[in-house]
Amino acid sequence: QVQLVESGGGLVQPGGSLRLSCAASGSVFRINAAGWHRQAPGKQRELVAHMPSGGGTHYADSVQGRFTVSRDNAKNTVYLQMNSLTPDDMAIYYCNLEILTTSLQIIDYWGQGTQVTVSS
């Protein structure tokens, strides 16, 4: 059994920064791949940052240069550093981890979501 806990969302002024965290616990052997998605009211969920199992990082054009995805393997935690936030970044942010469990199963897990509000 694997649990994902997201944290770090909140209210920030335009131009500000937030760092989201997604911590996996339980039967985690390794995080293979990670993605951060967001969904704004009335819009479809979109992938904003991706860290594939083969390495490297990929970003949506709308966040390129402002968002950075990273990971701490020792803590089984993935982060999304968000800088220069604008009202267009307001959404619920979800992490999605592909996890290799201790029973050697590869399973996709989703975080519970964390609200990011950008407003003055």
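Residues numbered from 1 in each chain as written. Predicted model: local features only at pLDDT ≥ 70, side-chain atom pairs only at ≥ 80, totals over all residues. Heavy atoms only, no water.

Undergrad: Lay out the state of the cysteines in plain terms, naming residues and giving numbers.
TA: For the structure on display, the rule yields one disulfide. With its sulfur 2.0 Å from that of its partner, cysteine 22 forms a disulfide with cysteine 95. Residues cysteine 22 and cysteine 95 share a disulfide whose torsion about the S-S bond is about 55 degrees; that sign makes it right-handed. Residue cysteine 22 is located in strand E3 (residues 18–26), and its partner cysteine 95 is located in strand E9 (residues 91–101); the two are separated by 73 residues in the primary sequence. Take cysteine 95: its relative accessible area is 1%, and that puts it in the buried class. (Disulfide = S-S within 2.5 Å. Helix = DSSP H or I, 4+ residues; strand = E, 2+ residues; numbered from the N terminus. Buried < 20%, exposed > 50% of the residue type's maximum accessible area, 1.4 Å probe, protein only.)

Undergrad: Now, about the pattern of salt bridges: what can you tell me, with residues and values included?
TA: Inspection of every chain in the model, using the stated rule, returns three salt bridges. With a shortest N-O distance of 2.9 Å, arginine 38 and aspartate 89 are connected by a salt bridge. Of this pair, arginine 38 sits in strand E4 (residues 28–39) while aspartate 89 sits in the loop between strand E8 (77–82) and E9; the two residues are 51 residues apart in sequence, bridging distant segments of the chain. For the pair shown, arginine 38 and aspartate 89 are each scored as buried. When the shortest N-O distance is used, the salt bridge between aspartate 89 and arginine 66 registers 2.7 Å. One end of the pair, aspartate 89, is in the loop between E8 and E9; the other, arginine 66, is in the loop between strand E6 (58–59) and strand E7 (67–72), and 23 residues separate them in sequence. What makes arginine 66 buried here is its relative accessible area of 17%. In the salt-bridge network here, residues are joined through shared partners; they are Arg38, Glu46, Arg66 and Asp89. (Salt bridge = Lys/Arg side-chain N within 4 Å of Asp/Glu carboxyl O.)

Undergrad: Can you tell me about unusual backbone geometry, naming the residues and giving the values?
TA: For asparagine 76, which is not glycine, the phi torsion reads 50 degrees and is therefore positive. Positionally, asparagine 76 belongs in the loop between E7 and E8. Owing to a relative accessible area of 18%, asparagine 76 belongs among the buried residues under this scheme. Positive phi, normally seen in glycine, also occurs at leucine 104, with a value near 65 degrees.

Undergrad: Can you lay out the pairing of E4 for me, pointing to particular residues and giving the numbers?
TA: Within E4, nine of the 12 residues are buried, leaving the element largely enclosed by the surrounding structure. Summarising the sheet, E4 and E9 pair through 10 bridges and their orientation is antiparallel. Across the sheet, the residue bridging to arginine 38 is tyrosine 93, located in E9. Bridge analysis of E4 against strand E5 (residues 46–51) gives five bridges, and the strand direction is antiparallel. The residue of E5 that forms the bridge with histidine 37 is leucine 47. (Pairing = 2+ DSSP bridges.)

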